[in-house]
Amino acid sequence: MDDQTRMLTGLTGLGGLAQADVGDPDSVRKQQSLGQPQQDIGDILQQIMAITDESLDEAQARKHALNCHRMKPALFSVLCEIKEKTVLSIRGVQEEDPPDPQIMRLDNMLLAEGVSGPEKGGGSAAAAAAAAAAGGSPTDSSIEHSDYRAKLAQIRQIYHSELEKYEQACSEFTNHVMNLLREQSRTRPISPKEIERMVAIIHRKFSSIQMQLKQSTCEAVMILRSRFLDARRKRRNFNKQATEVLNEYFYSHLSNPYPSEEAKEELAKKCGITVSQVSNWFGNKRIRYKKNIGKFQEEANLYAVKTAVDAANVSAQASQANSPATPNSGGYPAPCYTPDGRL
DNA sequence: CTGAATGATTGGCG
DNA sequence: CGCCAATCATTCAG
């Protein structure tokens, strides 16, 4: 009903329009000089209205006749114009908003993470090789790193294949709609501009899918990062030798177990860990020692003896009578030799 | 599987 | 900023 009334109003208004400033005044004038355009339009209208009552064959024949009608082009352009002015102007208000900031943010992030953008297979391989070559000891982090990269590559691959699928689907659908509209435009007033707009609408709809894809990819990358780059999750115990070195220092400096920056660097180098790891270790050790000295008795005695033995060994020849000097004078309680482990 | 050990992180303090 | 204390998250031994 809506369509019919709209068509009616469109067509009844045609008389005025045709005489005023319709797309092709020449043809209109020709029509007028040839006969009675009003009559023609009335006929067309009648035919259009009757179409639904006809059989398919009749309709096809009628359609063909209508398509061949000399008035058809003029009428078509007029209808397009009317449609342009009424329906499309409403929808045309929401003009092309510049690329969604959200999607731009996601794009930037994906680019930064190396998910989108150019394939850097050679680069990463070279980096891995360099890392492998650089560390005489396998540093462990290079392994984790390559693992991380492998997972990232996986995400990247999924992302790209999904994006490809998405793009294919989008263009397929767009083509389909365009073909359909072009087909329809032979019988329905559809201007190229309208098709263009339809395409834009489709793209906008599809871009929300794209955004979702990018969003979930970003999330996956974030999860991966937190999995691998949060050291807390990938904690490795220091090797035995390292803890030995640290404990030796700790118990031989029990009165003041606060290594200077230089001492920390020295220890870090000796243990193959970072300075901040040394700081962490001492922080943990101090608090845990203080909290339960009894528990650390054994260890304390062990290292006390160890350092004593070492000292003795070093200065064995120098003097036999040297008593093991325990450098203890405050701060933390000295490890007394209490068998029951209580103080 | 469970609990202890342990490296790392966080928030507060001086 | 460095340290302490509490806490988290993982590893490891039983």
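The residue numbers shown here count from 1 along each chain, following its written sequence. Each chain takes a letter, starting from A, and each ligand takes a number, starting from 1, following the order in which they are written. Given that this is a predicted model, residues contribute local features only at a pLDDT of at least 70 and side-chain atom pairs are listed and counted only at 80 or more, while totals for whole chains, interfaces and linings are drawn from all residues. For side-chain calculations, the full set of non-hydrogen atoms in the structure is used, while hydrogens and water are omitted.

Looking up chain A in an unreviewed UniProt entry gives the name Pre-B-cell leukemia transcription factor 1, with the organism given as Sander lucioperca. UniProt positions are given in the numbering used here, feature names are shortened, and annotations may be inferred rather than shown by experiment. Its UniProt record gives chain A a comment under Sequence similarities (unreviewed entry), which states: "Belongs to the TALE/PBX homeobox family." Recorded in UniProt under Function (unreviewed entry), the annotation for chain A is "Sequence-specific transcription factor which is part of a developmental regulatory system that provides cells with specific positional identities on the anterior-posterior axis."

Caption draft 1: Fine view of the overall build of chain A. Secondary structure counts use DSSP, requiring at least four H or I residues in a row for a helix and at least two E residues in a row for a strand, with both numbered from the N terminus. For chain A, the helix and strand inventory stands at 14 helices and zero strands. What you see in chain A, going N to C, is helices and strands ordered as α-α-α-α-α-α-α-α-α-α-α-α-α-α. Relative accessibility under 20% of the residue-type maximum defines a buried residue, over 50% an exposed one, and the middle range a partly exposed one, all with a 1.4 Å probe and only protein chains included. Considering chain A as a whole, with its 343 residues, one finds that 29% of them fall into the buried category. Per-residue and other accessible areas follow the Shrake-Rupley method at a 1.4 Å probe size, with only the shown protein chains counted as cover for residues. Accessible surface for chain A amounts to roughly 23,000 Å². Of this, 55% is attributable to carbon and sulfur atoms.

Caption draft 2: Main features of the protein's contact with DNA strand B. Around DNA strand B lies a shell of 11 residues, among which R235, Q277, N280, N284 and R288 are the nearest. If even one non-hydrogen atom of a residue comes within 4 Å of a molecule or strand, that residue is called near it. Within 4 Å of the protein, atoms of DNA strand B come from sugar and phosphate in 50% of cases. In protein, a polar contact means a hydrogen-donor-capable atom and an acceptor-capable atom, both N or O and within 3.5 Å, with residues adjacent in sequence counting only if both atoms are side-chain atoms; elsewhere, any N or O pair within 3.5 Å suffices. One of the side-chain nitrogen or oxygen atoms of W281 is found 3.5 Å away from a phosphate oxygen of DNA strand B. By residue number, the principal contributor to the surface near DNA strand B is helix α13 (residues 275–291), which donates five residues. Looking at the surface near DNA strand B residue by residue, the class counts come to two nonpolar, four polar and five charged. Residues are grouped as follows: Ala, Val, Leu, Ile, Met, Phe, Trp, Tyr, Cys and Pro are nonpolar; Asp, Glu, Lys and Arg are charged; every other residue, Gly included, is polar.

Caption draft 3: Structural context of a positive patch on the surface. To count toward a patch, a residue needs a relative accessible area above 30% and no salt bridge. Like charges then connect within 9 Å, nonpolar side chains (Val, Leu, Ile, Met, Phe, Trp, Tyr) within 5 Å. The working definition used for a salt bridge is a side-chain nitrogen of Lys or Arg within 4 Å of a carboxyl oxygen of Asp or Glu. His is not counted, nor are the chain ends; Lys and Arg add positive charge and Asp and Glu add negative charge. To locate a charge, take NZ of a lysine, CZ of an arginine, CG of an aspartate or CD of a glutamate. On the surface, K151, K234, R235 and R236 cluster together to form a positively charged patch. With respect to the helices and strands, K151 occurs in helix α9 (residues 141–184).

Caption draft 4: Local environment of the side chain of K264. Locating K264 in the fold gives a position in helix α12 (residues 261–271). Although buried, K264 forms no salt bridge, and the nearest oppositely charged side chain, E261, lies 4.3 Å from it. What makes two residues a contact is simply this: any of their non-hydrogen atoms within 4.5 Å. Those residues within four positions of K264 in sequence are excluded, and the remaining contacts are P259, V275, V278 and S279.

Caption draft 5: View of the nonpolar core. Take the buried residues of types Ala, Val, Leu, Ile, Met, Phe, Trp, Tyr and Cys, join any two whose side-chain atoms come within 4.5 Å, and each joined set is a nonpolar core. Counting 24 residues, the largest nonpolar core has V115, L152, Y159 and I195 as its most contacted members. If you list the elements that add at least two residues to this core, you get α7 (101–113), α9 and α10 (192–229). Ranked by residues supplied to this core, first place goes to α9 with 10 residues. With residues near it in sequence (within four places) discarded, L152 still touches E113, V115, V221 and L224. Core analysis: the next-biggest nonpolar cluster, separate from the first, contains 20 residues, F250, V278, I293 and Y303 among them.

Caption draft 6: Up close: the packing of aromatic side chains. Stacked, edge-to-face and tilted are the three classes for Phe, Tyr and Trp ring pairs, Trp counted by its six-membered ring, which pair at centre distances within 6.5 Å; planes under 30 degrees apart are stacked, over 60 edge-to-face, the rest tilted. In total, this model carries 11 aromatic pairs according to the counting rule given. With centroids separated by 5.5 Å and ring planes inclined at 75 degrees, the aromatic side chains of F250 and Y289 adopt a geometry described as edge-to-face. One end of the pair, F250, is in helix α11 (residues 240–252); the other, Y289, is in helix α13, and 39 residues separate them in sequence. In this structure Y289 comes out as buried when scored by relative accessible area, which is 0%. Ring-pair connections join several aromatic residues into one group, and the members of that group are Y249, F250, Y251, W281, F282, Y289, F296 and Y303. In this structure, K285 is placed above the aromatic ring of F250, and the distance from its NZ or CZ to the ring centre is 5.9 Å. The rule is short: NZ of Lys or CZ of Arg within 6 Å of the ring centre and within 35 degrees of the ring normal puts a charge over the ring.

Caption draft 7: Region of interest: the pattern of salt bridges. Within this structure, the stated rule accounts for three salt bridges. As a salt-bridge pair, E162 and K165 come within 3.0 Å of each other at their nearest N and O atoms. Taken together, the residues E162 and K165, both in helix α9 and three residues apart, mark about one turn of the helix. E162 sits in the partly exposed class, given a relative accessible area of 30%. When the shortest N-O distance is used, the salt bridge between K285 and E299 registers 2.5 Å. Within this pair, whereas K285 is found in helix α13, its partner E299 is found in helix α14 (residues 293–314), the two being separated by 14 residues in sequence. Take K285: its relative accessible area is 9%, and that puts it in the buried class. Judged by its relative accessible area of 25%, E299 falls in the partly exposed class.

Caption draft 8: Layout of α12. Regarding α12, the residues found buried are A263, K264, L267, A268 and C271. Projected down its long axis, α12 shows its buried positions confined to an angular sector of 135 degrees, all on one face. More than 90 degrees from the buried face of α12, the exposed residues found are E262, E266 and K269. On its buried face, α12 sits against α11 and α13. Count one or two residues on from α12 and you reach G272, which has phi positive near 70 degrees. Think of the arc as the fan of directions from the helix axis to the C-beta atoms.

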